Amino acid sequence: CDGYDFPRGMSAHAKGWMSACAQLSDLAACNATPDALAFSWMIPKGLNARNITEIASGIRDCASYSNARVIGGDVNSGDKLVLTGAGVGHSRRLVSRRGAVQGDVLAVTGLLGASAAGYLILKQGLRVQGGGKLVELFSYPLPRLKQMHVVSRLVHSATDLSDGLVIGAYNLCMDYGVAIDEKLIPYACGIERVG
């Protein structure tokens, strides 16, 4: 929603893209191929038609990037912009958060912290050398669908990191009798270059 997920200065198109990517990233973490997305909008009074069109274009463009279709949703009015989505997909080998076993390696794709840095640059109005790239990484994340399909046969459990590494790691370990050695820092590997 505006002010929290979407800091001031974020484009309307990026708000739509990010909202779609959140759903697609959840599907990627399950090793699912996306089929369709649906969204419920809460639109504040005063949001002009151009912004609404740009948000819808961002949703459509991210869905299209991932070969998914936007199949509808619901629209209401409210105090601030809120976009709530749901994604539907299919998988021949579903991967869940459950399944981590002692001795597994924790690996990530992408650059940890880059998105958070872009968020802070926008939220706090900072001027940082190279900040434009960080803002772009925050505003236009890429769902890791191809990367997950490549490694899915090697993976016991997975999650997306939209809430950060600590929460993601906790979710993988919670109630499954495993723990992560905090002295080991996962590294951004070259998986994103495959395919």
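Since the structure is predicted, the reported quantities are computational estimates derived from the model, not experimental observations.

S.K.: Hey, could you run me through helix α2 (residues 49-65) in this one?
M.R.: Because an α-helix completes one turn every 3.6 residues, residues spaced three or four positions apart along the sequence face the same direction. Spanning 17 residues, α2 covers 24 Å between terminal C-alpha atoms, matching the ideal 24 Å at 1.5 Å per step. Turning to α2, its buried residues number three or more, namely I55, S57, G58, I59, C62 and A63. Where α2 is buried, its residues contact α1 (12-29), β1 (33-44), β2 (69-78) and β3 (82-90). Regarding α2, its N-cap is N48, as a side-chain oxygen of that residue lies 3.1 Å from the backbone nitrogen of R50 further along. Phi for N67, located one or two positions after α2, is positive at around 60 degrees.

S.K.: Would you explain the pattern of salt bridges in this entry?
M.R.: Two side chains of opposite charge can pair, provided their charged atoms sit close to one another. Under the criterion given, the structure shown has one salt bridge. D61 is the salt-bridge partner of R60, the closest N and O atoms lying 3.0 Å from each other.

S.K.: Sorry if this is basic, but what is going on with the pairing of β1 here?
M.R.: A regular strand places its side chains on the two faces of the sheet in alternate fashion. Across nine bridges, β1 lies against β3 in antiparallel orientation. Across the sheet, residue M42 finds its bridge partner in β3, namely V82. Two strands pair when backbone bridges link them, and β1 and β2 are joined in this way by nine bridges, in the parallel orientation. Note that in β2 the partner of W41 across the bridge is V75. In terms of handedness, the path from β1 via α2 over to β2 forms a crossover that is right-handed.

Definitions and cut-offs
Residues numbered from 1 in each chain as written. Predicted model: local features only at pLDDT ≥ 70, side-chain atom pairs only at ≥ 80, totals over all residues. Heavy atoms only, no water. Helix = DSSP H or I, 4+ residues; strand = E, 2+ residues; numbered from the N terminus. Expected span 1.5 Å × (residues − 1). Buried < 20%, exposed > 50% of the residue type's maximum accessible area, 1.4 Å probe, protein only. Contact = heavy atoms within 4.5 Å. Polar contact = N/O pair within 3.5 Å; in protein donor to acceptor, adjacent residues only side chain to side chain. Salt bridge = Lys/Arg side-chain N within 4 Å of Asp/Glu carboxyl O. Pairing = 2+ DSSP bridges. Right-handed = clockwise from strand over helix to strand, strands pointing away.

Read these as layout, nothing more, since geometry by itself doesn't imply function.
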